[in-house]
Amino acid sequence: GPLRRLAMDLLRGSADVCIYVDAYDRAKVDMRNPDEHQRSHVVPVGPTIERPSSAGTRAGAREILGLPQNIFLIGFFGFRQVGKGLDSLAEAMRMPELARSGPRLALIGAATPDAGSRRAAAALSPETFAGLNVLDTGPLESREVSTWLCACDVAALPYDEGLSTRRGTFMVATAHGLPVVTTKPRRPDLLEIRDGEVAFIAAGDARALALKLARVRNDSVYRAELESGARAVAQRYSWRRIARRTLDAYSG
């Protein structure tokens, strides 16, 4: 609450350089303290898990995991908490436009943070996915996460607050070259990611999500365009570029 904002204001006021991982956060501060703009920089986060150089094909990943080759596999990576849009994803999975293709949903990784962690968002009810064809991997090591992502046809990341460069799970999906369907950012003009590189939908619009996922399933050209877009985004937010931008901020 107010104490957190006060603490952040004190840090900003005494710093020589301020680094934001999201341009929208910087813009909000600029509205209150326009004088700070010249000594602030935006340096986004990169992927916490990158595709291993030894990673093979989708078919190979499915063989390792014992998955059928002919399924349409939608992947969600990240903690399953309120605000991640999983209720919209579950609703989309039940819609006939998508359900008729018999999709499966891979929930990749732990459902919640470690018991000792503190996170503001509450965990999502398991009942959200009742009756759906869900593959719950449970907690995984990084290499296992990569295998599951490589096995997926598409990543669905319908964040309630929209896409931003704070979303490490999005960066992980693009680092694996996955087509991504996600929600529109609050300030598209501040995000260096355009519609077409990823597939944008409005937050909470389950039918639009179902239609986009069905298009990825049925349109191989569209799927290839999104794969190419994901690779372009991954290159733009590579750790090498992030390191350069950080060094530029320090030296400026």
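Residues numbered from 1 in each chain as written. Predicted model: local features only at pLDDT ≥ 70, side-chain atom pairs only at ≥ 80, totals over all residues. Heavy atoms only, no water.

Time to look at the overall build of the chain. Helix and strand counts for the chain stand at 10 helices and eight strands. Taken against the 2.2 N^0.38 rule, which gives 18 Å for 252 residues, the C-alpha radius of gyration of the chain at 19 Å falls within 12% of a compact globule. Structurally, the chain occupies a C-alpha span of about 55 × 35 × 35 Å along its principal axes. Expressed as a percentage of its 252 residues, the buried residues of the chain come to 46%. Expressed as a percentage of contacts within the chain between residues at least 6 apart in sequence, the contacts between residues at least 24 apart total 72%. As displayed, the chain has an accessible area near 13,100 Å², and 51% of this comes from carbon and sulfur atoms. (Helix = DSSP H or I, 4+ residues; strand = E, 2+ residues; numbered from the N terminus. Rg over C-alpha atoms; globule rule 2.2 N^0.38 Å. Buried < 20%, exposed > 50% of the residue type's maximum accessible area, 1.4 Å probe, protein only. Contact = heavy atoms within 4.5 Å. Areas by Shrake-Rupley, 256 points an atom, 1.4 Å probe, with all protein chains shown as cover.)

All right, on to empty space enclosed by the protein then. Under the defined criterion, the tally for this structure stands at one cavity of 30 Å³ or more. If you add up the space inside the largest cavity, you get close to 100 Å³. Across the lining of the largest cavity, the residue classes tally to six nonpolar, two polar and six charged. (1 Å grid on protein atoms, 1.4 Å probe; cavity = no way out; pocket = protein on both sides within 12 Å on 5 of 7 lines; lining within 4 Å. Points joined across faces, edges and corners; volume = space filled by probe spheres on them. Nonpolar A, V, L, I, M, F, W, Y, C, P; charged D, E, K, R; others polar.)

Counting residues in each nonpolar core, the largest one holds 59 residues, and the members touching the most others are Ile 74, Leu 89, Phe 170, Ile 193 and Leu 213. For this core, the leading source of residues is helix H8 (residues 206-218), giving six residues. Look past the residues within four positions of Ile 74 in its chain and what remains in contact with it is Met 93, Leu 98, Pro 103, Arg 104, Leu 105, Ala 106, Cys 152, Val 154, Ala 156 and Leu 213. (Core = buried A, V, L, I, M, F, W, Y, C linked by side-chain atoms within 4.5 Å.)

Considering the arrangement of structural elements, one finds His 176 in the loop between helix H7 (168-175) and strand S7 (180-183). A relative accessible area of 5% places His 176 in the buried class. Beyond its immediate chain neighbours, meaning those up to four positions away, His 176 contacts Ile 49, Glu 50, Arg 51, Pro 52, Ser 146, Leu 149 and Cys 150.

Every disulfide links exactly two cysteines, by a covalent bond between their sulfur atoms. Following the criterion strictly, the structure yields zero disulfides and no others. Of all cysteine sulfurs, the one in Cys 152 lies closest to Cys 150, which takes part in no disulfide; the gap is 9.0 Å. You can call Cys 150 buried: its relative accessible area is 9%. (Disulfide = S-S within 2.5 Å.)

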